[in-house]
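Notes for the structure review
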Amino acid sequence: MLEVTDGGLRGGGRRRRVLHGESAARVRRTIPDYDTLFDPIRAARQAEDGNQIGDPARAARALLTVLDADKPPVHLVLGTDALNPIEQGRQRLSDDIAAWADLSASTSHPIDP
């Protein structure tokens with residue numbers, strides 16, 4: 001997701017090789033007790049490197065479209081890997097609000113006619 005802030009744009013991942021070259025430099029591990037926890041995480045990140053679903057060229061074209069828009073969005077979600085969980089979360093939020101609306105409303109002072 002990209003968010004327009006006072007400091008510019010914030011966003012998610014695009015396909016790139018971030019675990020190669022200087023960015024691949026690793027700090028020497030000093031706590032072997034944590035390897036059983038972190039080794040699967042490291043392996044998953046290594047496998048994902050360069051295989052992210054986001055296409056940088058398509059993201060750039062989308063940003064150019066937004067820049068040309070008369071009313072650009074404050075929030076811009078790029079990629080299904082970002083869009084799907086956000087939509088699912090918003091649906092769960094809407095479902096919870098609807099299911100508990102009566103209880104929520106019952107906490108306000110009565111409005112005098």
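Computed from a predicted model, the values in this text were never measured in an experiment.

About the criteria used
- Residues numbered from 1 in each chain as written.
- Predicted model: local features only at pLDDT ≥ 70, side-chain atom pairs only at ≥ 80, totals over all residues.
- Heavy atoms only, no water.
- Helix = DSSP H or I, 4+ residues; strand = E, 2+ residues; numbered from the N terminus.
- Buried < 20%, exposed > 50% of the residue type's maximum accessible area, 1.4 Å probe, protein only.
- Contact = heavy atoms within 4.5 Å.
- pLDDT = per-residue confidence, 0-100.
- Expected span 1.5 Å × (residues − 1).
- Patch = residues over 30% accessible without salt bridge, like charges linked within 9 Å, V, L, I, M, F, W, Y side chains within 5 Å.
- Areas by Shrake-Rupley, 256 points an atom, 1.4 Å probe, with all protein chains shown as cover.
- Salt bridge = Lys/Arg side-chain N within 4 Å of Asp/Glu carboxyl O.

**Notes on the overall build of the chain**
Helices and strands together make up the secondary structure of the chain, namely four helices and three strands. Along the chain direction, N to C, the helices and strands of the chain fall in the order β-β-α-α-β-α-α. The burial tally for the chain puts 11% of its 113 residues in the buried class. Residue pairs at least 24 apart in sequence account for 65% of intrachain contacts in the chain once pairs closer than 6 positions are excluded.

**Comments concerning the environment of leucine 76**
On the secondary structure map, leucine 76 appears in strand β3 (residues 75–76). For leucine 76, a relative accessible area of 19% translates into the label buried. C-alpha separation for the pair leucine 76 and leucine 63, spaced 13 residues apart in sequence, amounts to 9.0 Å.

**Quick word on the confidence of the model for the chain**
In the predicted model, the chain carries a mean pLDDT of 82, and the fraction of residues at 70 or more is 73%. Of all helices and strands in the chain, the one with the weakest mean pLDDT is strand β2 (residues 8–10) (54), whereas helix α4 (residues 101–105) scores best (96).

**With respect to helix α1 (residues 35–48)**
Owing to its 3.6 residues per turn, the α-helix aligns residues three or four sequence positions apart on the same side. Over its 14 residues, α1 runs 19 Å from end to end, which matches the ideal 20 Å to within 8%, given 1.5 Å per residue. Following α1 by one or two positions, glycine 50 adopts a phi angle in the positive range, close to 85°.

**Focus: a nonpolar patch on the surface**
Together, Ile31, Tyr34, Leu37, Phe38 and Ile41 make up an exposed nonpolar region whose accessible area comes to about 460 Å². Following the sequence through the fold, phenylalanine 38 ends up in helix α1. On the accessibility criterion, phenylalanine 38 (36% relative accessible area) is partly exposed.

**Topic: the pattern of salt bridges**
For the structure shown, the criterion picks out three salt bridges. Aspartate 35 is the partner of arginine 42 in a salt bridge, and the nearest nitrogen-oxygen pair spans 3.9 Å. Note on arginine 42: relative accessible area 25%, which makes it partly exposed. Each member of the salt-bridge network shares a partner with another, and the members are Asp35, Asp39 and Arg42.

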